[in-house]
Amino acid sequence: PSRGLGDVYKRQVSADSSNTSLDDLYQQENQIFADHEAVWNKVFGMMSKSDADPSKNYADYLADTVEANKDSFTEDELKMLTDDMETIRKIEEQIT
């Protein structure tokens, strides 16, 4: 998923002063997506770049996409996505 350059820049500025590097946090997020690649690819396929709001929390954007398409997922997939999104939300809080 692409993000706006302004958003990346803001994150970089705030991350420079934090103990955990931005790369480590993004790596943690990417690992979550990789661990459950098939179901996350389904989510990403449902996203529209025009819907993306760079000022909005990324975890909220993911949650909104899943919620809007929840009939497309099995119960197990929804539980996995919900758990992953909670983890992503915690990572995003460290990034911003």
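*Asks:* If you had to explain the packing of aromatic side chains to someone new, which residues and values would you point to?
*Replies:* Two numbers describe a pair of aromatic rings. These are the distance of the centres and the angle of the planes. As enumerated under the stated definition, the model contains three aromatic pairs in all. A centroid spacing of 5.0 Å and a plane angle of 70° characterise the contact between Phe-33 and Trp-40, whose relative ring orientation is edge-to-face. Each member of the pair, Phe-33 as well as Trp-40, is classed as buried. A connected cluster of aromatic rings, assembled from ring pairs, spans Phe-33, Trp-40 and Phe-44.

*Asks:* Help me get a handle on the packing of helix H2 (residues 22-35) against helix H5 (residues 75-95), residues and values and all.
*Replies:* H5 packs onto H2 with a crossing angle of 170° between their chain directions and a minimal axis gap of 10 Å. The angle between H2 and H5 falls in the class roughly antiparallel. Residues Leu-22, Leu-25, Tyr-26, Gln-28, Glu-29, Ile-32 and Phe-33 of H2 form the contact with H5, whose participating residues are Asp-84, Thr-87, Ile-88, Ile-91, Glu-92, Gln-94 and Ile-95. Looking at the contact of H2 with H5 residue by residue, the classes come out as eight nonpolar, three polar and three charged.

*Asks:* Requested: an account of the nonpolar core, with residues and values cited.
*Replies:* Side chains of a nonpolar character, in soluble globular proteins, are inclined to be buried together. Counting residues in hydrophobic clusters, the biggest one holds 20 residues, and the most contacted among them are Trp-40, Val-43, Leu-62, Leu-81 and Ile-88. If you list the elements that add at least two residues to this core, you get H2, helix H3 (37-46), helix H4 (58-68) and H5. Beyond its immediate sequence surroundings of up to four residues, Leu-62 is in contact with Phe-33, Trp-40, Phe-44, Met-47, Met-85 and Ile-88.

Calculation rules
- Residues numbered from 1 in each chain as written.
- Predicted model: local features only at pLDDT ≥ 70, side-chain atom pairs only at ≥ 80, totals over all residues.
- Heavy atoms only, no water.
- Phe/Tyr/Trp six-rings, centres within 6.5 Å; stacked < 30°, edge-to-face > 60°.
- Buried < 20%, exposed > 50% of the residue type's maximum accessible area, 1.4 Å probe, protein only.
- Axes fitted to C-alpha atoms, helices over the stretch in contact; angles between N-to-C directions.
- Helix = DSSP H or I, 4+ residues; strand = E, 2+ residues; numbered from the N terminus.
- Parallel < 35°, antiparallel > 145°, perpendicular 65-115°, else oblique.
- Contact = heavy atoms within 4.5 Å.
- Nonpolar A, V, L, I, M, F, W, Y, C, P; charged D, E, K, R; others polar.
- Core = buried A, V, L, I, M, F, W, Y, C linked by side-chain atoms within 4.5 Å.

The values are spatial; any link to function lies outside them.
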